[in-house]
Amino acid sequence: AVLMNDLRRHCLYYATLQAGGVRVADAWTLVEAATTSRVPRVLGRPARLVDERRWFDTVQALARFDRWAHHADMQNVRTWLEGEMRMLPGVEVSTQAVNLGHGDEEYGRNIIGTIYGAEKPELKVVVGAHYDSTSDDKRRVAPGAVDNASGAAAVLELARIFCKFKPKITLEFVLYDGEEIGYLGSRVHAPSCDWEKTVLMINLDMVGLRQEQPVLLIESTPEFALAAALIEGVNELFVRQCDTWLPTKHAWFAWGSDHVSCACAILFGTHLLQPDLKQSIPA
């Protein structure tokens, strides 16, 4: 009960920051709906299925490729990622062609895995991450374990987990091409979404950055302060239950990644995976 009250307190505080002015009574209604006693139980089931080894193995697999968007190796990356997504039962896989900026001569692709909702399939949450990378010598080597094999691996891990459930609304897992050369993949994907019926877009970028003190970074604009608060509160609830600590930091602006292309978005970054592979290609 104490944890749930703390979660409600977080949500009410940040709801007052939400652009356009959310009345406290309306915010309380939203919070009550989102923070029933079922939250830990419902979210706990998929959370327990996270396989850290599998996640990290996916990071290593991606970091073996040179993933600069224009590199010849990227065709192998795209084929591998699409194959991984297509192996998941109950996930409908589609792709979107992404013009990489050399006229009509070179195209990448977004890879989209969709799990349709059982009750309200017209509503959806988008979870995305870019899979291309860059480096100081990108024409020769760009393994990008942190930026952003870690995020792409997280999207795959979430798809692997949630395909075992039947969500009430639609979940869309998107692997974006061409982020490092101008958010090209998300600029293709965003117009295809009905943002009036998209509850939230969560962008996972650099979730494996090694630091002395791990943190959960939530970046968004004030319009989505309430959603950010819900994520912060649920994080606090679970880290307390697990007897650990993962402090939260907020940045109330959107820049630097694929969420910039989307109408309702939060950049969701955690610094968790070890060791840091950013400077090397694993054997």
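Given the structure is predicted, the values throughout are model-derived calculations rather than measurements. Counting restarts for each chain: residues are numbered from 1 in the order of the written sequence. Residue-level local features of this predicted model are given only where pLDDT is at least 70; pairs of side-chain atoms are given and counted only at 80 or more, and the full residue set underlies all totals for whole chains, interfaces and linings. The side-chain values count all of the structure's non-hydrogen atoms but skip hydrogen atoms and water molecules.

(A) Looking closely at the overall build of the protein chain. Working definition: helices are DSSP H or I runs of at least four residues, strands are E runs of at least two. Numbering for both runs from the N terminus. Assigned secondary structure in the protein chain consists of eight helices and eight strands. Expressed as a percentage of its 283 residues, the buried residues of the protein chain come to 51%. Throughout, a contact is declared for two residues whenever any of their heavy atoms are within 4.5 Å. Contacts in the protein chain between residues at least 24 apart in sequence constitute 80% of all its contacts with a sequence separation of at least 6. Only protein chains enter the calculation, and the probe is 1.4 Å; a residue is then buried if its accessible area is under 20% of its type maximum, exposed if over 50%, and partly exposed in between.

(B) Expanded view of the pattern of salt bridges. One speaks of a salt bridge when a side-chain nitrogen belonging to Lys or Arg is within 4 Å of a carboxyl oxygen belonging to Asp or Glu. In the structure shown here, the tally under the stated rule is eight salt bridges. For R160, the salt bridge is made with E84, and the minimal N-O distance between the two is 2.9 Å. Residue R160 is located in helix α6 (residues 145-162), and its partner E84 is located in helix α5 (residues 74-86); the two are separated by 76 residues in the primary sequence. Accessibility classification places R160 together with E84 in one group, the buried group. The residue E157 makes a salt bridge to R160 at a minimum N-O spacing of 3.8 Å. Here the residue E157 and the residue R160 both occupy positions in helix α6, the gap between them amounting to three residues, near one helical turn.

(C) Just the packing of helix α4 (residues 52-63) against α5, in detail. Closest axis-to-axis distance for the α4/α5 pair is 11 Å, and the angle between their directions is 155°. For the element pair α4 / α5, the angle class is roughly antiparallel. When α4 is examined against α5, the residues T58, A61 and L62 are found in contact with a partner set consisting of V77, W80 and L81. Each residue belonging to the contact of α4 with α5 can be placed in one class, and the counts come to five nonpolar, one polar and no charged. For helices, the axis comes from a line fit to the C-alpha atoms of the stretch in contact; other axes are also lines fit to C-alpha atoms, and the angle between any two N-to-C directions lies between 0 and 180 degrees. For this classification, under 35 degrees means roughly parallel, over 145 means roughly antiparallel, 65 to 115 means roughly perpendicular, and everything else is oblique. Residues are grouped as follows: Ala, Val, Leu, Ile, Met, Phe, Trp, Tyr, Cys and Pro are nonpolar; Asp, Glu, Lys and Arg are charged; every other residue, Gly included, is polar.

(D) Focus on the packing of aromatic side chains. The aromatic pairing rule takes the rings of Phe, Tyr and Trp, using the six-membered ring of Trp, and pairs them if the centres are within 6.5 Å, calling planes under 30 degrees apart stacked, those over 60 edge-to-face and the rest tilted. Under the defined criterion, the tally for this structure stands at one aromatic pair. For the pair F162 and F165, a centre-to-centre distance of 6.3 Å together with 50° between the ring planes defines the contact as tilted. Classification of F162 by relative accessible area gives partly exposed; the value is 26%.

(E) Expanded view of the packing of α5 against α6. Running from N to C, α5 and α6 cross one another at 20°; their axes reach a closest spacing of 10 Å. What the angle tells us is that α5 and α6 run roughly parallel. In this structure, the crossing between α5 and α6 has a hand that is right-handed. Together, W80, L81, E84 and M85 of α5 and L156, A159 and R160 of α6 make up the contact between the two elements. For any helix crossing, the convention is left-handed if the near helix is rotated counterclockwise from the far helix by under a right angle, and right-handed if that rotation is clockwise.

(F) Structural detail: the environment of N110. Assignment of secondary structure puts N110 in strand β2 (residues 107-115). For the pair N110 and H130, spaced 20 residues apart in the sequence, the C-alpha separation amounts to 8.8 Å. Beyond its immediate sequence surroundings of up to four residues, N110 is in contact with S94, T95, Q96, V98, L175, Y176, D177, G185, V188 and H189. In terms of polar contacts, N110 uses its side chain to reach the backbone amide nitrogen of D177, at 3.1 Å. Whenever two N or O atoms come within 3.5 Å, that pair is a polar contact, provided that in protein one can donate a hydrogen and the other can accept it, and provided that, for residues adjacent in sequence, both atoms are side-chain atoms.

(G) Representation of unusual backbone geometry in the model. Going from D147 to N148, the amide bond is cis rather than trans, its omega being 10°. When you line up the elements, N148 lands in helix α6. Even without glycine at this site, Y183 takes up a positive phi of about 55°. Residue placement: Y183 occurs in the loop between β4 (169-176) and α7 (184-189). Even without being a glycine, M206 presents a positive backbone phi close to 55°. Examined against the element boundaries, M206 turns out to sit in the loop between β5 (198-203) and β6 (216-219).

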